[in-house]
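What the coordinates show
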Amino acid sequence: MPELTQKNIVILCQQPPYGSATAREGIELCLAASVYLSELKVVFTGDGVWQLVRGQDTTNSGNKQHDKLLAAFPLYDIDLVYADQSALDARELSPGNLIDGVTAISAEELAAILANAEQVLSL
Amino acid sequence: MNYALLVLSPAHSSQGARSALLFARAAVARGHKIERVFFYGDAVHAASALIVAPQDEVDLTSEWATLVADNGTELLVCVGASLRRGLLDETEAKRYSKSQYNLHPAFEIAGLGQLVEASQTCDRLITFS
């Protein structure tokens, strides 16, 4: 790929980890995008915050464990990972329930991240 | 303006898949360029050459193919999403020892990198989900 002036990209993950392939394919997009972009922000909101829950057990469903997929983020230098605090609150999730490396952000901070993005990819 | 489209909507069971096509046509009619359309997730089924649309229904695949022929738009389907949904071109069929392939010739199999590239080079990237 030619050298490009990089746009500030945010990937917004809104779907729960299981029940459809969207969440998994969203994470695959994050991993692929990180190869080309030096800075990538990934924001989890709505039911998307369920993707971040630590200790998921998929033994009986035959799905790949979604939290293990997310564990690849540091290997891809994806370290700007955010969870919408209001989405966590609505689901009675606390930061302690989440995998490492996630920053909870307020509605105002979320709005600022989206407003500053030149491109938002929403899955 | 130079547009790229990201289509996530299931090809034959959602309005999003139709809306993407209608948007592309409307943009072209206004003199804009649709440089690349990237199909991801269940949207990749739009690229199957084996779809038989009922006579009184829109044949989405041929409609996309017409757009390519008239405007040089690139239609790309994600390789990972396509393979796991049984959508293969001749190269992939050979690679995985499958006896058949079914990708419509107007479409090409591509990597997610080409979506990221389009997001960087086009003026706008519009998602249909």
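The rules behind these values
Residues numbered from 1 in each chain as written. Chains lettered and ligands numbered in written order. Predicted model: local features only at pLDDT ≥ 70, side-chain atom pairs only at ≥ 80, totals over all residues. Heavy atoms only, no water. Salt bridge = Lys/Arg side-chain N within 4 Å of Asp/Glu carboxyl O. Helix = DSSP H or I, 4+ residues; strand = E, 2+ residues; numbered from the N terminus. Pairing = 2+ DSSP bridges. Axes fitted to C-alpha atoms, helices over the stretch in contact; angles between N-to-C directions. Contact = heavy atoms within 4.5 Å. Buried area = accessible area lost by both parts, 1.4 Å probe. Polar contact = N/O pair within 3.5 Å; in protein donor to acceptor, adjacent residues only side chain to side chain. Disulfide = S-S within 2.5 Å. Buried < 20%, exposed > 50% of the residue type's maximum accessible area, 1.4 Å probe, protein only. Patch = residues over 30% accessible without salt bridge, like charges linked within 9 Å, V, L, I, M, F, W, Y side chains within 5 Å. Areas by Shrake-Rupley, 256 points an atom, 1.4 Å probe, with all protein chains shown as cover. Parallel < 35°, antiparallel > 145°, perpendicular 65-115°, else oblique. Left-handed = near helix turned anticlockwise from the far one by under 90°. Nonpolar A, V, L, I, M, F, W, Y, C, P; charged D, E, K, R; others polar.

Remarks on the pattern of salt bridges
Under the counting rule described, the total for this entry stands at 12 salt bridges over all chains. One salt bridge in this structure joins Glu74 of chain B and Arg36 of chain B, with 2.9 Å as the shortest N-O distance. Here the residue Glu74 of chain B occupies a position in strand E3 (residues 74-78), and Arg36 of chain B occupies one in strand E2 (residues 33-39), the gap between them amounting to 38 residues. Salt bridges sharing partners connect three or more residues here, namely Glu25 and Glu28 of chain A together with Asp42, Arg84 and Arg85 of chain B.

Some thoughts on the sheet that holds strand E4 (residues 103-105) of chain A
Residue and element names in this part refer to chain A. Strand order in the open sheet formed by 5 strands is E4-E3-E2-E1-E5, with parallel pairing between adjacent strands. Where the open sheet ends on each side, the last strands, each with one partner, are E4 and strand E5 (119-122). Looking at each pair of strands side by side, their axes are set apart by 30° on average, direction ignored. For strand E1 (residues 9-13) and E5, the ladder comprises 4 bridges, and the chain directions are parallel.

As for the interface of chain A and chain B
Taken together, the contact pairs 21 residues of chain A with 20 residues of chain B. With both sides pooled, the region where chain A packs onto chain B buries about 1600 Å², and carbon together with sulfur makes up 58% of that total. Contact with chain B buries area across many residues of chain A, yet Lys7, Glu25 and Gln119 of chain A alone supply 29% of it, more than any other trio. For the pair chain A and chain B, the interface holds 3 salt bridges. Here Glu28 of chain A makes a salt bridge to Arg84 of chain B, at a shortest N to O gap of 3.1 Å. The interface formed by chain A and chain B includes 7 residue pairs in polar contact (both at pLDDT 80 or more). For the side of chain A that touches chain B, the secondary structure elements donating two or more residues are helix H1 (22-36) and E5 of chain A. Per element, the largest residue contribution to the side of chain A that touches chain B is 8 residues, and it comes from H1 of chain A.

Here's the deal with the sheet that holds strand E1 (residues 2-7) of chain B
Residue and element names in this part refer to chain B. The strand order across the open sheet built from 5 strands is E4-E3-E2-E1-E5, with neighbouring strands paired in parallel fashion. Looking along the sheet, the strands with just one partner apiece sit at the ends: strand E4 (107-110) and strand E5 (124-128). Across the sheet, the axes of successive neighbouring strands diverge by a mean angle of 25°, strand direction being ignored. This element, helix H1 (residues 15-29), spans E1, E2 and E5 of the sheet and lies at about 170° to E1. Running over the sheet, helix H5 (residues 112-121) touches E1, E2, E3, E4 and E5 and is turned about 150° from E2.

Focus on the side chain of Gln51 of chain A
Residue and element names in this part refer to chain A. Relative to the helices and strands, Gln51 resides in the loop between strand E2 (40-44) and helix H2 (66-70). Polar side-chain contacts of Gln51 include one of 2.7 Å to the backbone oxygen of Gln15. Look past the residues within four positions of Gln51 in its chain and what remains in contact with it is Cys13, Gln15, Pro16, Pro17, Ala23, Ile27, Phe44, Gln56, His66, Asp67 and Leu70.

With respect to the state of the cysteines
Counting across every chain of the model gives 0 disulfides over all chains. Of the cysteine sulfurs around Cys78 of chain B, a residue in no disulfide, the closest is that of Cys30 of chain A, at 13 Å. Just so you know, Cys122 of chain B is unpaired, no disulfide at all, and the nearest cysteine sulfur is the one on Cys78 of chain B, 17 Å from it. Using a relative accessible area of 2% as the deciding quantity, one classes Cys122 of chain B as buried.

Examining a nonpolar patch on the surface
Taken together, Val35, Tyr36, Leu75 and Tyr76 of chain A make up a surface patch of nonpolar side chains, about 430 Å² in accessible area. When you line up the elements, Tyr36 of chain A lands in helix H1.

Re the packing of H1 of chain B against helix H2 (residues 60-71) of chain B
Each pair of packed helices gets described by two things: the angle between the helix axes and the distance between those axes. Residue and element names in this part refer to chain B. Taken N-terminus to C-terminus, the directions of H1 and H2 make an angle of 20°; their axes are 11 Å apart at the nearest point. It follows from the interaxial angle that H1 and H2 lie roughly parallel. As for the relative orientation of H1 and H2, their crossing is left-handed in sense. Note on element contacts: H2 touches H1 through Leu60, Glu63, Trp64, Leu67 and Asn71, opposite Ala17, Arg18, Ala20, Leu21, Ala24, Arg25 and Val28. Its residues assigned to classes, the contact of H1 with H2 comprises 8 nonpolar, 1 polar and 3 charged.

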